[in-house]
Amino acid sequence: MTEPKLKPCPWCGGKVKVTNLDGNIHYGRSHWCVVCWDCEMFFGYDLTYGGIYKTKKGCAEDWNTRVSEVEL
C-alpha cells in the first residue's frame, strides 16, 4: 500500500506521517492520527470528543482538507 500524500504541518512546515496508535496504550482503541515529529503536533488524537479515525485513508483526507489561508 502506498503512503498517502499529505500537506505539511501548518505550524512548523515539517513533514508529517499518518500513524496508527496502539489500542493497548490508548484506552483500548486503536486509531489513526497525523503526527509532525518536528513540533510534536497531533491531529485526530483527542478522544474526549470521539474524534478518532478508524482508517488511514479517512485520517489523511481530513488532514488535507483545510480552510483557505486567504480567508483567514
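Let me sum up the structure you'll find in this document. (Residues numbered from 1 in each chain as written. Predicted model: local features only at pLDDT ≥ 70, side-chain atom pairs only at ≥ 80, totals over all residues. Heavy atoms only, no water.)

1. Digging into the sheet that holds strand β2 (residues 31–36)
Phase 1 of the analysis: Spatially, the three strands line up as an open sheet ordered β1-β2-β3, and their pairing is antiparallel. A single partner strand is all that each edge strand has here, and the edge strands are β1 (16–21) and β3 (41–43). Averaged over all neighbouring strand pairs, the angle between strand axes comes to 30°, with direction disregarded.
Phase 2 of the analysis: Looking at chain direction, β1 and β2 are connected through six bridges and run antiparallel. If you follow Leu 21 over to β2, its bridge partner there is His 31. (Pairing = 2+ DSSP bridges. Helix = DSSP H or I, 4+ residues; strand = E, 2+ residues; numbered from the N terminus. Axes fitted to C-alpha atoms, helices over the stretch in contact; angles between N-to-C directions.)

2. Concerning the pairing of β2
Phase 1 of the analysis: With six of its six residues buried, β2 lies for the most part within the structure.
Phase 2 of the analysis: Judged by which residues are buried, β2 turns out to be covered on both faces: His 31, Cys 33 and Val 35 on one side and Trp 32, Val 34 and Cys 36 on the other are all buried.
Phase 3 of the analysis: As paired elements, β2 and β3 share three bridges and run antiparallel to each other. Within the sheet, the bridge partner assigned to Val 34 lies in β3 and is Phe 43.
Phase 4 of the analysis: Connecting the antiparallel pair β2 and β3 is a turn made up of four residues, with Glu 40 showing a positive phi of about 65°. (Buried < 20%, exposed > 50% of the residue type's maximum accessible area, 1.4 Å probe, protein only.)

3. Concerning the packing of aromatic side chains
Phase 1 of the analysis: Evaluated as defined, the whole model comprises three aromatic pairs.
Phase 2 of the analysis: When the ring of Phe 43 is compared with that of Trp 63, the centres are 5.5 Å apart and the planes differ by 65°; the resulting orientation is edge-to-face. In this pair, Phe 43 sits in strand β3 while Trp 63 sits in helix α1 (residues 56–64), placing the two residues 20 residues apart along the sequence.
Phase 3 of the analysis: What makes Phe 43 partly exposed here is its relative accessible area of 24%.
Phase 4 of the analysis: Overall, the relative accessible area of 4% leaves Trp 63 in the buried class. (Phe/Tyr/Trp six-rings, centres within 6.5 Å; stacked < 30°, edge-to-face > 60°.)

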